[in-house]
Amino acid sequence: MPTVARWWSDRTDPQRIELYTRWSFYGWLATAPLLSVGIHGSAEQPPDQPAATVFLAGSVAVALTAVLLARAGLAARLTRRTLPRGPALAAAAVALLTSAAGVLAYGEGVPGSPALVWGAGMPPAMVLTAAAAVWPTRTLTRAGFGVGGAIGVLVVALGAPPAVGAVQAVVTGAALTLLALAFRFSVRVLDVVREMERTRGVQAQLAVAEERLRFARDLHDVMGRNLSAIAVKSQLAGELVRRGRAGAAEEVAGISRIAEESLREVREVVRGYRATDLAGELAGARSVLRSAGVACTVEGEAVVGRLGEPAQVVLGWAVREAVTNVLRHSRAGRCAIALTDEGEQVVLTVTNDAAGTPGPWGSGLTGLGERLAAAGGRLTTRPAAGSFTLVAAVPA
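In this report, we go over the structure that sits alongside the text. Each chain carries its own residue numbering, running from 1 in the direction its sequence is written. Whole-chain, interface and lining totals are the exception, using all residues; otherwise, since this is a predicted model, local features are given only for residues with pLDDT of at least 70 and side-chain atom pairs are given and counted only at 80 or more. Computation of side-chain values covers all heavy atoms of the structure but excludes hydrogens and water.

Attention now goes to the pattern of salt bridges. Salt-bridge detection follows one rule: a side-chain nitrogen of Lys or Arg within 4 Å of a carboxyl oxygen of Asp or Glu. As enumerated under the stated definition, the model contains 7 salt bridges in all. For Arg-22, the salt bridge goes to Glu-18, with nearest N and O atoms at 3.2 Å. Taken together, the residues span about one helical turn, with Arg-22 and Glu-18 both in helix 2 (residues 13-41) at a distance of 4 residues. Between Glu-195 and Arg-198 there is a salt bridge, with the nearest N and O atoms lying 2.6 Å from each other. With Glu-195 and Arg-198 both in helix 7 (residues 162-243) and 3 residues apart, the pair spans about one turn of that helix. Of the residues examined, Arg-198 reaches a relative accessible area of 42% and is grouped as partly exposed. Within the structure, one salt-bridge network assembled from shared partners comprises Glu-18, Arg-22 and Arg-194. Strands here mean DSSP runs of E at least two residues long; helices mean DSSP runs of H or I at least four residues long; both are numbered from the N terminus. Exposure is judged per residue with a 1.4 Å probe applied to protein chains only, and the accessible area is read against the type maximum: over 50% gives exposed, under 20% gives buried, and values in between give partly exposed.

Next comes the structure, spelled out in structure tokens:
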């Protein structure tokens, strides 16, 4: 069975942020009833037992309805919809009844005591937190200070001085607002990460489109001139035949020769597109990475001319695999490719600035390692906290 670390590493960045955000909501909402039990035990005066029992049971009910509300809010945010009315009204009704029970249970004694403030403010605080997934900052601020003001008025109505009520209103309102805005910020971070993931997908599609355009340009450059020559010679041969003049056979032979040359050049283009020519792979890597928004530098291209065909082929495969990994499995912003002639061997180094994770190679790197081993070379990787380096060495 996969371990928790493996399960976590298999998740993408948006999935990790979503899990963190979702369970931040659930964790706080599950903890609130436990805090209610603590406040109940530390009340200054013996609470009214029936009301306290209703308050503690209501705290659990508020937690459950707030979890449903938070879940519905996160789902609504993903689809860019408003908060569903059903879960919102249910959570608000249960919170109101629980607050009333808290006031009845802890209202006797010291006005403005922590037990009273918590009993009256905890249920709406939980609902406010759950609604932070959808409500904008302005609405959360107004609701937070609105609940704080209501608690201040309640404290004054129970006999506390107006100054104490004003302080309680400001402190409670600020605390509730900051709590809701903290969860709101987590949801905003999740939105940004999702948008970045969508943007990265678009960049990858643009990189594929750029590669297709490159192939189309190469094919056009090869075939355009030859097809134009064939068209002209065909017209000339036809005209010579119609007029009964000599030279038509020579023109037809020229058409055949140009057609054979065109066929050979098309095969070269396709072979260069499919095969692993090192110079072409380096040029393609630079083009594809830059099209995908990854800054790319290539050093040591002069070494290519001193390599034999077998070494160029296997290093070309190394460049292709390294670039594929950068595009598909990392969030790199920069990539550096370097060729170094060390006398007896040539070393290809590909470094990107995305954090690498130690672990077994995938099928791509495993196959590349086998290719290099068959050519007398070796493949090593160096994952680090802020970079990932692939090193391929082959005999010169």
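Having put the structure on the table, let's press on.
Attention shifts here to the nonpolar core. Definition of nonpolar core: a set of buried residues of the types Ala, Val, Leu, Ile, Met, Phe, Trp, Tyr and Cys, connected through side-chain atoms within 4.5 Å. Within the largest apolar cluster, 37 residues are counted, with the highest numbers of intra-cluster contacts made by Phe-25, Leu-29, Leu-69, Ala-70, Tyr-106, Met-126 and Ala-133. Going through the elements one at a time, helix 2, helix 3 (49-78), helix 4 (85-106), helix 5 (114-131) and helix 7 are the ones with two or more residues in this core. No other element matches helix 3, which puts 10 residues into this core. What Phe-25 contacts, discounting residues up to four positions off in sequence, is Ala-70, Leu-74, Thr-129, Ala-130, Ala-133, Phe-183 and Val-187. Residues Leu-307, Ala-322, Ala-332 and Ala-354 belong to the second largest nonpolar core, which totals 33 residues. Residue contacts follow a heavy-atom distance rule, with two residues in contact if any of their heavy atoms lie within 4.5 Å.

Any functional reading would require information beyond the geometric quantities listed.
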